[in-house]
Amino acid sequence: QVQLVESGGGLVQAGGSLRLSCVVSGRTFSSYDMGWFRQRLGNEREFVAAISWSGGSRSYADSVKGRFGISRDNAKNTVYLQMNSLKPEDTAVYYCAADQGGFSAASFDWDYWGQGTQVTVSS
């Protein structure tokens with residue numbers, strides 16, 4: 001079973017930046033598409049971004065386009081979410097996810113999940 005561990009969350013002022021990291025266990029990281037989801041208080045978990053196993057294809061939710069960037073370093077078994085121009089509405093628990101056939105905005109299509117990391121953006 002694949003294990004994912006997120007880090008990098010915290011408190012940041014509006015307009016600031018954070019970079020989240022997700023380290024995936026095992027030696028088959030490059031075989032997986034990777035994604036980021038978030039869940040705001042009182043809301044369902046929503047899709048944020050995804051990246052293919054090769055890094056050649058990326059997808060973003062409309063709410064974060066132009067502000068967030070997803071990337072991966074297969075040598076480090078790590079996927080990143082660079083978050084710029086953060087807004088209070090970005091406050092949420094952020095989860096990374098892995099699947100062998102990703103790019104779905106539906107959380108139930110993803111097989112593996114991290115435990116989440118809290119991001120809080122103050123106004």
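Everything here concerns the structure above.
In this report, we go over the structure that sits alongside the text.

1. Quick word on the sheet that holds strand β1 (residues 4-7)
Okay, so step 1: Taken in spatial order, the four strands line up as β1-β3-β8-β7 in an open sheet, and their pairing is antiparallel. Of all the strands in the sheet, the pair left with one neighbour each is β1 and β7 (68-73). Neighbour-to-neighbour, the strand axes of the sheet open up by a mean angle of 15°, direction not taken into account.
Okay, so step 2: The sheet contact formed by β7 and strand β8 (residues 78-83) spans six bridges and is antiparallel. Considered in β8, the bridge of Ile70 is made with Leu81.

2. Looking at the pattern of salt bridges
Okay, so step 1: Per the stated rule, a full pass over the model turns up four salt bridges.
Okay, so step 2: Between Arg38 and Glu46 there is a salt bridge, with its nearest N and O atoms 2.8 Å apart.
Okay, so step 3: You can call Arg38 buried: its relative accessible area is 4%.
Okay, so step 4: For Arg67, the salt bridge goes to Asp90, with nearest N and O atoms at 2.7 Å. A residue pair is termed long-range when its members are at least 10 positions apart, and Arg67 in the loop between β6 (58-60) and β7 and Asp90 in the loop between β8 and β9 (92-99) qualify at 23 residues.

3. Digging into the packing of aromatic side chains
Okay, so step 1: Applying the stated criterion across every chain yields a total of four aromatic pairs.
Okay, so step 2: Between the aromatic rings of Tyr32 and Tyr112, the centroid separation amounts to 6.0 Å while the plane-to-plane angle is 80°, which identifies the pairing as edge-to-face. Separated by 80 residues along the polypeptide, Tyr32 in the loop between β3 (18-24) and β4 (33-39) and Tyr112 in strand β10 (residues 112-113) bring together distant segments of the chain.
Okay, so step 3: By relative accessible area, which is 9% here, Tyr32 ends up buried.
Okay, so step 4: What makes Tyr112 partly exposed here is its relative accessible area of 23%.

4. Structural notes on the side chain of Arg67
Okay, so step 1: Judged by its relative accessible area of 11%, Arg67 is buried.
Okay, so step 2: Of the polar contacts made by the side chain of Arg67, one reaches the backbone oxygen of Ser85; its length is 3.1 Å.
Okay, so step 3: In contact with Arg67, other than residues within four places in its own chain, are Gln82, Met83, Asn84, Ser85, Leu86, Lys87 and Asp90.

The rules behind the values
- Residues numbered from 1 in each chain as written.
- Predicted model: local features only at pLDDT ≥ 70, side-chain atom pairs only at ≥ 80, totals over all residues.
- Heavy atoms only, no water.
- Pairing = 2+ DSSP bridges.
- Helix = DSSP H or I, 4+ residues; strand = E, 2+ residues; numbered from the N terminus.
- Axes fitted to C-alpha atoms, helices over the stretch in contact; angles between N-to-C directions.
- Salt bridge = Lys/Arg side-chain N within 4 Å of Asp/Glu carboxyl O.
- Buried < 20%, exposed > 50% of the residue type's maximum accessible area, 1.4 Å probe, protein only.
- Phe/Tyr/Trp six-rings, centres within 6.5 Å; stacked < 30°, edge-to-face > 60°.
- Polar contact = N/O pair within 3.5 Å; in protein donor to acceptor, adjacent residues only side chain to side chain.
- Contact = heavy atoms within 4.5 Å.

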